[in-house]
Amino acid sequence: MTESILNVNLITRNDLCVSCGACKHACPAQAIQIQMNDAKGFYEPIIANESPCLTCENRPCLAVCPSYEENFVELAGWSDPAQQIGPYEAIYTGYNTDSEVRKRASSGGIIKELCRYYLETGQVDGVITLRHIEGLEYEPNVYTEVDDVLQTPGSIYHNINFEKAIEILKSRPGRYLLIAIPCQLTSIRKWEQTCREQVIGQIVVTVGLICGWMFTRHTLQHFARWQGVDYADLQNATYRGGDKFGALVLETSTGSHSFSRRPNFWKDAHTIPYQVAFSRTYNNQRCLLCVEHLNYLADLAVGDAWLDAFKHEKDGTSIIIVRKKSVGAVVEELIVSGRLALKPATEKAVIDSQSADLAQGISAQRIINRLKAEGHFAPTYTLPAPVMEQASESVWQKNYLEPKRFREVTWATGGYGLYRWRIIKRWLITFRNEALKAVVRWVKRK
Ligand SMILES: Cc1cc2nc3c(=O)[nH]c(=O)nc-3n(C[C@H](O)[C@H](O)[C@H](O)COP(=O)(O)OP(=O)(O)OC[C@H]3O[C@@H](n4cnc5c(N)ncnc54)[C@H](O)[C@@H]3O)c2cc1C
C-alpha cells in the first residue's frame, strides 16, 4: 500500500470504515471491492491496484465517504444552532396501534406503518431496506408489497455490508423510501451529489434510524463461543422483538438460543459476558467518532424513547423527529386515522432519551479535536454549534484509548483470551457492588 496516494485507504488505515460501500460505486476506475476483514470483524474497501488513483483528480472515493468530511450545515440545511438535535418540524413519542406489528418491531413499530402508508398510497414504488441472506449477512433489498415489508428485520446491530443500496439506485428506476442508519444515509446522499450521472432510482422519502453504534463481528464471535454456541454454524442473529428490550436470538442448524438483552446479574449467567461483548469496546471505531447519531439528513428519524415516562411499558415506544414538512403531514394523517398513537414531545425529550453526550456527539467531537491536535487523521465534521474543547483525560482514556488498544490486540491475536479476562474483572467488580447494595438494603429493612 502506498501511503502517499490519497484515496479511501486513508479510511481503512485508520479503521474508520462503516461498510456503506459508497466508495466502490464512486470509483471511476472500478478499482474498489468491499470485503469482510476477518481480523477487524467488519466489511471495508480493498483496492487491489492503486495505479488509477495516481491520476484520479477529485478523489470521489473520499468525497462520498462519511468518515472523511461532512458539512451537516449544507447537507442537512441545518443553520440554526438553537436547534440542538438538527433541523426539525415536530417531535413525538408513541407507537403503532397495530399491536402485532409493534410487538415484532424494535421499538414502537413506526417505520413499518410509514412503509405501509407510502406503498398503499402509491407515493413510492418500493422500500429499500434490509433482507436476510444467510448466516450473519443482511443486505438492502427492494420491497414492493406491504405484506413483505412487514416481515423485514428489526434492528441489526452487527456490521453489515450496505453497498447494495447504491447498486439498486444505479440499476432500478422508480421512487423509493430508503431506511438507513445515519452514516449509510449520509454516504448515499453524497454519492447522489458526486455521481449524478449514475443515479437512476430516486429516493423520495428517507426514514432514518437514530443510531448509537454498531458492533464488529467479534461481539457475536466471542459471546457465542462463551455461551457454547457454534459461531461458524450461525444461521441468523436477531436482537429485538417480543418486548421493548427484546432478546438476542442466535440460530444454528441444531436450534435457537435466546438471551435476554436486559439480563439480571443474579438470575442470568450470561449477564456479564453479554455486557462485555456489547460494550463500546467492540464498536466499529467510526462509531466512537460519530457526531450524527440523530440522523440529521433523514426526513424523519426514529429511535427508542428510553424515558422515565415509559419505563413501565412492556412494549416498545418510539421517539420521532420529523425533519421534513411533507412527511410531518403524513404523520398527522396517520395519527388522525388512528394508525399511530403519538403525543407531541420536546427537544429535551430527544436528548434525555439518548443522553446529551450521544445525542450531540460531544465526546466524539472532543476526541476528534484531540486526534487532530496530536497530528492524527480524524474526520472533519461541520456543525452549526461545534464543541471546541479537547477531550479530557477520562473521555480520551475511557471512550477512545481503551477500546482502541483492545481492538488492536483483538485484531492481532488473543482477542478471546482478553474477552475472558474482561469478564472475570467485570464479574468481580459487579459482584462486589451488588453484594454491597444487598447489605445496604438488608440494613435498611432492619
Ligand atoms: C445499529 C443500530 C443502532 C441503533 N442505536 C440506537 C440508539 O442508540 N438509540 C435509539 O434510540 N435507537 C437506536 N437504534 C434504532 C432502534 O433500534 C429502532 O431501529 C428504531 O427505533 C426503529 O424502530 P421501529 O420499531 O420503528 O422499526 P422496525 O419496525 O424495527 O424496523 C427497523 C427497520 O430498520 C432496518 N434496519 C435494521 N437494522 C439496520 C441496519 N443495521 N442498517 C440499516 N437498516 C437497518 C430494518 O430493515 C427495518 O426496515 C439503532 C438501530 C440500529 C440498526
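Structure first, text after, so check above.
Residues numbered from 1 in each chain as written. Predicted model: local features only at pLDDT ≥ 70, side-chain atom pairs only at ≥ 80, totals over all residues. Heavy atoms only, no water.

Colleague: Explain the side chain of His-25 to me, please; I cannot follow it from the model alone.
Modeller: Note that His-25 resides in helix α2 (residues 22-26). Reaching out from His-25, the side chain makes a polar contact with the backbone oxygen of Glu-163 at a distance of 3.1 Å. In contact with His-25, not counting residues within four places along its chain, are Glu-163, Ile-166, Glu-167, Lys-170, Trp-191, Cys-195 and Gln-198. (Helix = DSSP H or I, 4+ residues; strand = E, 2+ residues; numbered from the N terminus. Polar contact = N/O pair within 3.5 Å; in protein donor to acceptor, adjacent residues only side chain to side chain. Contact = heavy atoms within 4.5 Å.)

Colleague: Which parts of the structure should I look at to understand the environment of Lys-348?
Modeller: Residue position: Lys-348 is located in helix α14 (residues 347-354). Since its relative accessible area comes to 56%, Lys-348 is described here as exposed. For Lys-348 and Thr-152, which are 196 residues apart along the polypeptide, the C-alpha to C-alpha distance reads 31 Å. One polar contact links Lys-348 to Asp-352, side chain to side chain, over a distance of 2.6 Å. (Buried < 20%, exposed > 50% of the residue type's maximum accessible area, 1.4 Å probe, protein only.)

Colleague: Help me understand the sheet that holds strand β11 (residues 255-260) in this model?
Modeller: Strands pair in a sheet through their backbones, by hydrogen bonds, and they do so in one of two ways: parallel or antiparallel. Read across the sheet, three strands follow the order β9-β10-β11 without closing on themselves; strand pairing throughout is antiparallel. Taken across any chain shown, the strands that pair with only one partner, and hence form the sheet edges, are β9 (234-238) and β11. Strand-to-strand twist across the sheet, computed as the mean angle between neighbouring axes with direction ignored, equals 15°. Summarising the sheet, β9 and strand β10 (residues 247-252) pair through four bridges and their orientation is antiparallel. Paired with Asn-236 across the bridge in β10 is Glu-251. Where helix α10 (residues 218-226) meets the sheet, it contacts β9, β10 and β11, and its direction lies at approximately 75° from that of β10. (Pairing = 2+ DSSP bridges. Axes fitted to C-alpha atoms, helices over the stretch in contact; angles between N-to-C directions.)

Colleague: I tried to follow helix α8 (residues 164-171) on my own but got confused; where do I start?
Modeller: Think of an α-helix as turning once every 3.6 residues; residues three or four places apart then point the same way. Buried within α8 we find Ala-165, Ile-166, Ile-168 and Leu-169. One side of α8 carries all its buried residues, which in axial view fall inside an arc of 155°. In this structure, the buried residues of α8 make contact with α2, β5 (126-134), β6 (137-143), β7 (174-180), α9 (182-194) and β8 (201-209). (Arc of directions from axis to C-beta.)

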